[in-house]
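# Results of the structural survey
One-letter residues, chain by chain:
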Amino acid sequence: MQKFTKLTGVAAPMPIINVDTDMIIPKQFLKTIKRSGLGKNLFFEMRYDDKGAEKPDFVLNKPQYRKAEILVAGDNFGCGSSREHAPWAIMDFGIRCVISTSFADIFYNNCFKNGILPIKLAQADIDKLMDDANRGANATISVDLEAQEIRGPDGGVIKFEIDPFRKHCLLNGLDDIGLTLEKKSKIEDFEARRAQQSPWLAATGSR
Amino acid sequence: MATPSTLFDKIWQAHLVDRQEDGTCLLYIDRHLVHEVTSPQAFEGLRVTGRKVRKPEQTLAVADHNVPTKDRDKGIAEEESRIQVETLEANIKDFGVPYFPMSDIRQGVVHIVGPEQGFTLPGATIVCGDSHTATHGAFGSLAFGIGTSEVEHVLATQTLLQRPAKNMLIEVTGTLPQGVTAKDMALYIIGKIGTAGGTGHVIEYAGDAVVALSMEGRMTLCNMTIEGGARAGLIAPDQKTFDYLAGKPMAPKGANWEAAVMYWKTLKTDAGAHFDTIHRFKAEDIAPMVTWGTSPEDVVAITDVVPDPSSAHDEGKKAGMERALAYMGLKAGTPMTEIAIDHVFIGSCTNGRIEDLRAAAELAKGRKVAAGVQVLVVPGSGLVKEQAEAEGLDEIFIDAGFEWRDAGCSMCLAMNTDRLKPGERCASTSNRNFEGRQGRDSRTHLVSPAMAVAAAVTGKLTDVRKL
């Protein structure tokens, strides 16, 4: 997984509540068997008309946001399905950090598996960053994961909270599976205990 | 005396492999359901790292999202869909995972297949790369949706890294009025708590109105939990649960069954256990519900009107409502019963079980589809289809002018060829009314199976109690 340490970039404003996973990446793009290449279809229906032409009013189609690396969004971002294609598409577009008052649980979790930093902030902070984001390429925002700080274009600092283990994994680009396999003996012990205590769970249709 | 625990706490504790100092837990996963859409990259990850599936016998795969619901003998016409199903078939062979192919009568929507095979069991942890995994909580199992990276993690280790969720109790007491179903209860609750109301929580549903639901109804209620923002919903198992599971092919047998039931009977929240959040509702307050917007929380009683965005309590919500009304092509103040529909979809992991089809058939009997309306009835599995045909339900639907199809996810998310055209409006028994969900610029109104039939035969959203 790609590390996340510091990021300075243009933030795109998306002041819409309940941006769901179908909006982020619609179903026709879930037929891929790869993780890559989804960025061009990010926010597909908001971004392109039914002929496939760009809608000029959509934020990521505006010249100043075409290379946005941060997204500032409304409440409950990423609600809906478990599709990891949503963070894959965001990452592939080039966005490494999403900032909102709240995220849906599965989406939030999926971000950390893909080197994307989701940041939860109070509404007042979101309002401030949304204003900054509206200033486009003239107003870059800096995110420092180690320090848990966001710096706006005018130098104001916003602190954010993050789970320490997730922070550690993101800072170091750690692979969860590798970490878990270091605990293999604990998994084996658990399975041995379970075979004693609830043998019906060991295999389906057990006698 | 131990501290009183919730049902969720008990299942969580019983599956702890390890707990790190920072509170991150390694949770053992008893059952893993796999489908074609969210698994290819996970299997590829195993291949690249030379890892195996740790417990193939605790894993079950089925293709459901991409499968056609008619002319199956011709295979899957759309190339990408076909490749995705073929990829699953190659993966299950390479990694030795049990699989129900499209030609198998046991094939169906993954969340219908699990319970009907007895793969789903009380007290078990169940995951799937699909947010509607919450369905299985109806059996008192801790079941939740995961992303593809986590699918790979479970395949490789049979565990997941998780932080404990908060406990939420939703109690519904009293008796559901006539014409009001588990689906209406689910939509009503989401309307009250909001689509992010359950974020960070596991919801336990309780109260006599919940206990009175059939297993099918409980599955519908738990299925919609994710639409209220919680990853998992639970109902304590009882005799109804055990009766449903007894004799199912993958359920325990003999002495194992006896021991299992004895344990399952202990799976309930202790008196005095702490819930972080509690909501209490009265069943009598619930009417047949219908959504008007593009989030499941955008819901009103069928007797109500399209709400006015100016009634919203904050600017974000107001903008959201305006956006939803523009997308849905609706005006505030319009009575819900004046909204004409073009399509009806009866099926999905929410409402594709035999009881749903029985409820639909009971109303469809002797009636005809309204002119210009297309109705798809898509059973949740091959076995549901077989049962429905044994009861003659298929003939009732066909006589009413409905289309009787093969099992799959179908028009719930329109990944196969069952989809709406731009601007078309559908009364749907599925779970999501998001923008574009049933096809680009499609308009979805979520309803119960009975309400879906009422819309089918009148051509507009209709109060089933007045049919």
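Just above sits the structure.
Scoring rules and cut-offs
Residues numbered from 1 in each chain as written. Chains lettered and ligands numbered in written order. Predicted model: local features only at pLDDT ≥ 70, side-chain atom pairs only at ≥ 80, totals over all residues. Heavy atoms only, no water. Pairing = 2+ DSSP bridges. Helix = DSSP H or I, 4+ residues; strand = E, 2+ residues; numbered from the N terminus. Buried < 20%, exposed > 50% of the residue type's maximum accessible area, 1.4 Å probe, protein only. Lys, Arg positive; Asp, Glu negative; His and termini not counted. Salt bridge = Lys/Arg side-chain N within 4 Å of Asp/Glu carboxyl O. Contact = heavy atoms within 4.5 Å. Polar contact = N/O pair within 3.5 Å; in protein donor to acceptor, adjacent residues only side chain to side chain.

Residue and element names in this part refer to chain B. With parallel pairing, the five strands of this open sheet are ordered in space as 5-4-3-6-7. Every other strand in the sheet has two partners, leaving strand 5 (99-100) and strand 7 (142-145) as the edge strands with one partner each. When strand 4 (residues 59-62) meets strand 5, the two strands line up parallel, connected through two bridges. If you follow Ala-61 over to strand 5, its bridge partner there is Tyr-99.

Right, let's talk about the side chain of A:Glu45 for a bit. As for its position among the elements, A:Glu45 is in helix 2 (residues 44-47). The side chain of A:Glu45 is buried and forms no salt bridge, while B:Arg440, the nearest opposite charge, is found at 5.0 Å. Every residue in contact with A:Glu45, bar those within four places of it in the chain, is listed here: A:Pro26, A:Lys55, B:Glu435, B:Gly436, B:Arg440 and B:Asp441.

Moving on: the environment of A:Lys159. All names here are of chain A. Within the element layout of this structure, Lys-159 appears in strand 8 (residues 157-159). Owing to a relative accessible area of 53%, Lys-159 belongs among the exposed residues under this scheme. Sequence separation between Lys-159 and Gln-148 is 11 residues, and the spatial gap between their C-alpha atoms is 5.7 Å. Setting aside chain neighbours within four positions, we find Lys-159 in contact with Leu-121, Ala-147, Gln-148 and Glu-149. Within the structure, the side chain of Lys-159 is placed 3.4 Å from the side chain of Glu-149, a separation counted as a polar contact.

The subject of this paragraph is unusual backbone geometry. Residues and elements named next belong to chain A. A positive phi is found at Asn-76, a non-glycine position, where the angle reads about 60 degrees. By secondary structure assignment, the location of Asn-76 is in the loop between strand 3 (70-73) and helix 3 (85-93). A residue is classified by how much of its surface remains accessible, and Asn-76, at 2% relative accessible area, is buried. A positive phi angle is found at Gln-148, which is not glycine, with a value near 55 degrees. With respect to the element layout, Gln-148 can be found in the loop between strand 6 (141-144) and strand 7 (149-151). Classification of Gln-148 as buried rests on a relative accessible area of 16%.

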